Amino acid sequence: MKEAAHPRSSFYEVAGICALLSGLTTFAVHLLPLAWSSATTFDQQVALRLNPLYLARLWMVLPDRRLVAANSQLLAPIMNSNTP
């Protein structure tokens, strides 16, 4: 039976960087809404569209989801390898 090929060290580096960025973006996506939790009325919530931090958080969701998907694809071969 043929042994599973070990991923290269650059593969581990990419997987690690992807995991770190994924963690940071997920952390930011979930904690940034605390900055505008005081916007309780409709008018205050509509005014959030002018807040650059609010808009950055909305746009941060897209790369966050991509990083999570890439991270799961990169970690699958590492987790399935036959190394102890």
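Above this note sits the structure.
Let me sum up the structure you'll find in this document. Keep in mind that this is a model prediction, so the values were computed, not measured.

On to the overall build of the chain. Each helix and strand counted, the chain has 3 helices and 0 strands in total. Reading the secondary structure of the chain in the N-to-C direction produces α-α-α. Classification of the 84 residues of the chain by burial places 21% in the buried group. Summarising the internal contacts of the chain: among those between residues at least 6 apart in sequence, 74% fall at separations of at least 24. Surface exposure of the chain reaches about 6600 Å², of which carbon and sulfur atoms provide 66%.

A few words on the side chain of Ser22. The residue Ser22 is located in helix H1 (residues 9-31) in this model. A residue is classified by how much of its surface remains accessible, and Ser22, at 7% relative accessible area, is buried. In contact with Ser22, other than residues within four places in its own chain, are Asp64, Leu67 and Val68.

Cut-off values and rules
- Residue positions within a chain follow its written sequence, with the count starting from 1.
- Where totals are concerned, whole chains, interfaces and linings use all residues; where local detail is concerned, this predicted model gives features only for residues with pLDDT of at least 70, and gives and counts side-chain atom pairs only at 80 or more.
- Excluded from the side-chain calculation are hydrogens and water; included are all heavy atoms of the structure.
- In this text, helices come from DSSP runs of H or I with a minimum length of four residues, and strands from runs of E with a minimum of two, each type numbered from the N-terminal end.
- Only protein chains enter the calculation, and the probe is 1.4 Å; a residue is then buried if its accessible area is under 20% of its type maximum, exposed if over 50%, and partly exposed in between.
- We call two residues contacting when some pair of their heavy atoms lies within 4.5 Å.
- In short, Shrake-Rupley with a 1.4 Å probe defines the accessible areas, and a residue's cover is counted only from the protein chains shown.

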